[in-house]
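Here are the chains, one letter per residue:
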Amino acid sequence: MTRREKLMAAIRRNPRAVRFEDACKVAEMLGFARKGGRGSHCTYGRPDESVLLNFQNRNGHIAPYQAKQLIEMMEKYGNET
């Protein structure tokens, strides 16, 4: 299992404890690019996707609903190279 696969599996296994840095890393692996954000927020977008991923750094982790959105994008784009 590659690092990418291990990281994605860990996020799926425990969406309540996703680290902010890991969420940002996975978003970029999925082809999302940082679009902006201020303070503790970070927004990622993808040209062919209308949904933006917005992560808020809460003591090093993201909110569970943000992890759920990330998991949905992992299901959609995770098999792309």
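What you see is a predicted model; the values in this text were computed from it and never measured.

(A) The arrangement of the pairing of strand β3 (residues 49-56) in detail. In this sheet, β3 lies alongside strand β2 (residues 41-46) in antiparallel orientation, the contact comprising 5 bridges. Along β3, the bridge assignment pairs Y44 with L53. In sequence, β2 turns back onto β3 through a hairpin of 2 residues.

(B) Representation of the sheet that holds β3 in the model. If you walk across this open sheet you meet the 3 strands as β1-β2-β3, and the pairing is antiparallel. In the strand order of this sheet, the two ends are held by β1 (33-36) and β3, each with one partner. Averaged over neighbouring strand pairs, the angle between their axes works out to 35° when direction is ignored. Contacts from helix α2 (residues 20-29) reach β2 and β3 within the one sheet, and its direction differs from that of β3 by about 160°. Here helix α3 (residues 64-77) sits on the sheet in contact with β2 and β3, set at roughly 140° to β3.

(C) Region of the structure containing the packing of helix α1 (residues 3-13) against α2. Closest axis-to-axis distance for the α1/α2 pair is 11 Å, and the angle between their directions is 120°. In this view, α1 runs oblique relative to α2, as classed from their interaxial angle. As for the relative orientation of α1 and α2, their crossing is left-handed in sense. Contacts between α1 and α2 involve R4, L7, M8 and I11 from the first element and D22, K25, V26 and M29 from the second. Of the residues in the contact of α1 with α2, the class split is 5 nonpolar, no polar and 3 charged.

(D) Structural context of the nonpolar core. Core analysis: the biggest nonpolar cluster contains 22 residues, and L30, F55 and L70 have the highest contact counts within it. At the level of elements, α1, α2, β2, β3 and α3 are the ones that each hand at least two residues to this core. If you tally residues by element for this core, the top one is α3, at 6 residues. Contact partners of L30, with chain neighbours within four places excluded, come to R4, M8, R46, L70, M73, M74, Y77 and G78.

(E) Looking closely at the side chain of Q66. For Q66, the position within the fold is in helix α3. With residues near it in sequence (within four places) discarded, Q66 still touches N54, F55 and Q56.

(F) The packing of aromatic side chains, seen in detail. In the structure shown here, the tally under the stated rule is 2 aromatic pairs. Here the aromatic rings of F32 and Y77 are separated by 6.1 Å at their centres, their planes lie at 75°, and the arrangement is edge-to-face. Here the residue F32 occupies a position in the loop between α2 and β1, and Y77 occupies one in helix α3, the gap between them amounting to 45 residues. The exposure class assigned to F32 is buried, which follows from its relative accessible area of 3%.

Scoring rules and cut-offs
Residues numbered from 1 in each chain as written. Predicted model: local features only at pLDDT ≥ 70, side-chain atom pairs only at ≥ 80, totals over all residues. Heavy atoms only, no water. Pairing = 2+ DSSP bridges. Helix = DSSP H or I, 4+ residues; strand = E, 2+ residues; numbered from the N terminus. Axes fitted to C-alpha atoms, helices over the stretch in contact; angles between N-to-C directions. Contact = heavy atoms within 4.5 Å. Parallel < 35°, antiparallel > 145°, perpendicular 65-115°, else oblique. Left-handed = near helix turned anticlockwise from the far one by under 90°. Nonpolar A, V, L, I, M, F, W, Y, C, P; charged D, E, K, R; others polar. Core = buried A, V, L, I, M, F, W, Y, C linked by side-chain atoms within 4.5 Å. Buried < 20%, exposed > 50% of the residue type's maximum accessible area, 1.4 Å probe, protein only. Phe/Tyr/Trp six-rings, centres within 6.5 Å; stacked < 30°, edge-to-face > 60°.

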